[in-house]
Amino acid sequence: EENRRRGAVLAVRTAIKAGLFKADKTPEEKLDLLKTMGSAIITAYSEGRETPLRQLAQVVMNPQAGTIGGCYLADSQTVIISNTSLVTFLHEVAHHIQHERDGATTEDYARAFSLGLYRKATPNLFAQAAVSGGLRFVRAQAAAGEAAALTEAGVTAIQDPATVPTGTPDVPVTNVTP
């Protein structure tokens, strides 16, 4: 498991060094970086498996997806994202990995995976996002099971759900857009 995580951390860092967060990169260039990163993460999580995980068939950016941020379509192995958010993309890749491995997906796993990997690969950016409120749970989804899954992944610096204003949309994590 440690080698898998190391490979995933390297993939995230490589995408960032290649310009994922740079303003001079077009959305299409950033999408290509996310695709390459996703492929490398899936390859890392295939290590040691008798049958390697299938790669994503498609990664699509659809700005009209708006408030959903992203979704994973298991039947077609497709990720749809509304922008080039690193955390959203990692969340959807986590759904793919879990579906390939277990035949099902859970939000607990995807949140723990995406935030844990973001924290491990970019501890300073993670801390800045957590302190600024860029990573937070909304009241409706701050169940004890989710908090436990995040704690297991090493995610401790998230905003207290009780401080999220009433009426905040029911989404798991506010996008951290590169």
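A. Structural detail: helix α1 (residues 2-17). Over its 16 residues, α1 runs 22 Å from end to end, which matches the ideal 22 Å to within 8%, given 1.5 Å per residue. When α1 is considered as a whole, its buried residues turn out to be A8, V9, A11, V12, A15 and I16. One face of α1 carries all of its buried residues, which in axial projection span an arc of 155 degrees. Facing away from the buried side of α1 by more than 90 degrees, the exposed set consists of L10 and K17. Among the structural elements, α2 (27-46), α3 (86-102) and α4 (107-121) are those in contact with the buried residues of α1. Positive phi shows up at G19, right after α1, with a value of about 115 degrees.

B. Broad picture of the nonpolar core. Grouped together as the largest cluster of nonpolar side chains are 37 residues, with contacts concentrated most on V12, M37, I41 and L86. Going through the elements one at a time, α1, α2, β3 (78-81), α3, α4 and α5 (123-132) are the ones with two or more residues in this core. With near-sequence residues (within four places) excluded, M37 lies in contact with A11, V12, A15, L86, F89 and L90.

C. Spatial organisation of the packing of aromatic side chains. In this structure the tally under the stated criterion is three aromatic pairs. Taken together, the aromatic side chains of Y45, Y109 and F113 make up a single cluster linked through ring pairs. The cationic tip of R5 hangs over the ring face of F113; the distance from NZ or CZ to the ring centre is 6.0 Å.

D. The pairing of β3, seen in detail. With burial as the criterion, each face of β3 is covered, one bearing T78 and I80 and the other bearing V79 and I81. Relative to β3, strand β2 (residues 70-73) runs antiparallel, the two being bridged by four bridges. When the bridges of β3 are listed, C71 appears paired with I80. In this antiparallel pair of consecutive strands, β2 and β3, the connection spans four residues, and Q77 shows a positive phi of 50 degrees.

E. Focus on the sheet that holds strand β1 (residues 58-61). Across the sheet, which stays open at both edges, the three strands sit in the order β1-β3-β2 with mixed pairing between neighbours. The sheet is open, and its two borders are formed by β1 and β2, each paired with just one other strand. Each strand of the sheet is rotated relative to its neighbour by a mean of 15 degrees, with strand direction disregarded. Along the sheet, α2 makes contact with β1 and β3, crossing β1 at roughly 150 degrees. Of the strands in this sheet, β1, β2 and β3 touch α3, which is tilted by about 20 degrees from β2.

Parameters at a glance
- Residues numbered from 1 in each chain as written.
- Predicted model: local features only at pLDDT ≥ 70, side-chain atom pairs only at ≥ 80, totals over all residues.
- Heavy atoms only, no water.
- Helix = DSSP H or I, 4+ residues; strand = E, 2+ residues; numbered from the N terminus.
- Expected span 1.5 Å × (residues − 1).
- Buried < 20%, exposed > 50% of the residue type's maximum accessible area, 1.4 Å probe, protein only.
- Arc of directions from axis to C-beta.
- Contact = heavy atoms within 4.5 Å.
- Core = buried A, V, L, I, M, F, W, Y, C linked by side-chain atoms within 4.5 Å.
- Phe/Tyr/Trp six-rings, centres within 6.5 Å; stacked < 30°, edge-to-face > 60°.
- Lys NZ or Arg CZ within 6 Å of the ring centre and 35° of its normal.
- Pairing = 2+ DSSP bridges.
- Axes fitted to C-alpha atoms, helices over the stretch in contact; angles between N-to-C directions.

Treat this as a map of the structure, not an account of what it does.
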